[in-house]
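# Notes for the structure review
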Amino acid sequence: MSYFEKFLTTNQAYAALHGTAHLPLKPKTQVAIVTCMDSRLHVAPALGLALGDAHILRNAGGRVTEDMIRSLVISQQQMGTREIVVLHHTDCGAQTFTNEAFADHIQQVLGVDVAGQDFLPFTDVEESVRADMAILRQSDLIPDDVIISGAVYDVDTGLMTEVR
Ligand SMILES: [Zn+2]
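Figured I'd write up the structure that's included with this text. Just so you know, these numbers come straight off a predicted model, no measurement behind them.

## Describing the sheet that holds strand E4 (residues 147-153)
Read from one edge of the open sheet, five strands run E2-E1-E3-E4-E5, paired in mixed fashion. Strands with a single pairing partner mark the edges of an open sheet, and in this sheet they are strand E2 (54-59) and strand E5 (160-163). The sheet shows a mean angle of 25° between the axes of neighbouring strands, taken without regard to direction. Both E4 and E5 contribute to a ladder of four bridges, which runs antiparallel. Considered in E5, the bridge of Ala-151 is made with Glu-162.

Here's what the structure looks like:
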């Protein structure tokens with residue numbers, strides 16, 4: 001049995017509690033959060049967010065990629081968000097490899113040459129937050145008056161610390 005079958009069952013109980021309520025499409029807080037896919041980071045409860053409150057955009061590392069900017073532009077220009085939080089975390093999977101070693105691994109396992117591709121690993125989590133905030137500030141697609149903040153979430157304690 002796959003997990004998906006379990007999800008279908010579990011979701012029925014969730015939907016029963018959820019009931020029918022149509023929230024507005026535009027996030028109430030006007031905030032978009034850029035963060036990692038890490039399973040130990042439950043963004044909504046960690047930040048006190050409820051349904052309909054914020055956009056949560058996730059990828060490996062919580063990095064500001066071209067596709068992340070695509071989502072942010074839609075978030076801001078179609079759905080009214082005015083603030084961005086870059087939230088990386090301790091013990092991130094993006095700290096566990098280098099591009100070179102990962103390309104070797106992919107070549108061995110999948111037989112695909114990804115040499116030269118940047119999978120956006122990092123060593124210093126505060127520096128990765130600063131680098132991604134800088135990319136946002138320099139982007140022509142992100143207006144200058146958008147508030148951009150950064151933080152590191154500690155997966156062991158649940159505590160979020162601002163990065164300046
Ligand atoms: Zn991560």
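## Thoughts on helix H3 (residues 66-77)
Under the 1.5 Å per step criterion, the end-to-end length of H3 is 16 Å for 12 residues, consistent within 8% with the ideal 16 Å. When we look at burial in H3, the residues that qualify are Met-68, Ile-69, Ser-71, Leu-72, Ser-75 and Gln-76. Projected onto a plane normal to the axis of H3, the buried residues spread over an arc of 160° and lie on a single side. The inward-facing, buried residues of H3 contact strand E1 (31-36), E2, strand E3 (83-89) and helix H5 (125-138).

## Here's the deal with the packing of aromatic side chains
All chains considered together, the criterion is met by three aromatic pairs. Consider the rings of Phe-97 and Phe-102, whose centres lie 4.8 Å apart with planes at 35°: the pair is tilted. Using a relative accessible area of 24% as the deciding quantity, one classes Phe-102 as partly exposed.

## Re the coordination of the zinc ion
Protein ligation of the zinc ion involves Cys-36 (SG), His-89 (NE2) and Cys-92 (SG), the donor distances falling in the range 2.0 to 2.3 Å. Counting residues between consecutive donors of the zinc ion along the chain gives the motif C-x52-H-x2-C. Judged by its relative accessible area of 0%, His-89 falls in the buried class.

## Regarding the pairing of E1
Most of E1 is tucked away: six of the six residues are buried. In this sheet, E2 lies alongside E1 in parallel orientation, the contact comprising six bridges. Residue Val-34 lies in a different strand from E2, and its bridge partner there is Leu-57. Judged from the five bridges that link them, E1 and E3 form a sheet pairing that is parallel.

## A word on the side chain of Asp-132
Mapped onto the elements of the fold, Asp-132 is located in helix H5. On the basis of relative accessible area, Asp-132 is assigned to the buried category, the value being 1%. Within polar-contact distance, the side chain of Asp-132 engages the backbone nitrogen of Val-64 at 3.4 Å. Beyond its immediate sequence surroundings of up to four residues, Asp-132 is in contact with Gly-62, Arg-63, Val-64, Val-86 and His-88.

## As for the pattern of salt bridges
Here the structure, examined in full by the defined rule, presents eight salt bridges. Residue Arg-40 is joined to Asp-38 by a salt bridge in which the shortest nitrogen-to-oxygen separation is 2.8 Å. Note on Arg-40: relative accessible area 37%, which makes it partly exposed. Here Arg-40 makes a salt bridge to Asp-91, at a shortest N to O gap of 2.8 Å. A residue pair is termed long-range when its members are at least 10 positions apart, and Arg-40 in the loop between E1 and helix H2 (43-47) and Asp-91 in the loop between E3 and helix H4 (99-110) qualify at 51 residues. Here the salt bridges do not stand alone but share partners, grouping Asp-38, Arg-40 and Asp-91 into one network.

The rules behind each value
- Residues numbered from 1 in each chain as written.
- Predicted model: local features only at pLDDT ≥ 70, side-chain atom pairs only at ≥ 80, totals over all residues.
- Heavy atoms only, no water.
- Pairing = 2+ DSSP bridges.
- Helix = DSSP H or I, 4+ residues; strand = E, 2+ residues; numbered from the N terminus.
- Axes fitted to C-alpha atoms, helices over the stretch in contact; angles between N-to-C directions.
- Expected span 1.5 Å × (residues − 1).
- Buried < 20%, exposed > 50% of the residue type's maximum accessible area, 1.4 Å probe, protein only.
- Arc of directions from axis to C-beta.
- Contact = heavy atoms within 4.5 Å.
- Phe/Tyr/Trp six-rings, centres within 6.5 Å; stacked < 30°, edge-to-face > 60°.
- Donors = N, O, S within 2.8 Å, 3.2 Å for Na, K, Ca; no water.
- Polar contact = N/O pair within 3.5 Å; in protein donor to acceptor, adjacent residues only side chain to side chain.
- Salt bridge = Lys/Arg side-chain N within 4 Å of Asp/Glu carboxyl O.

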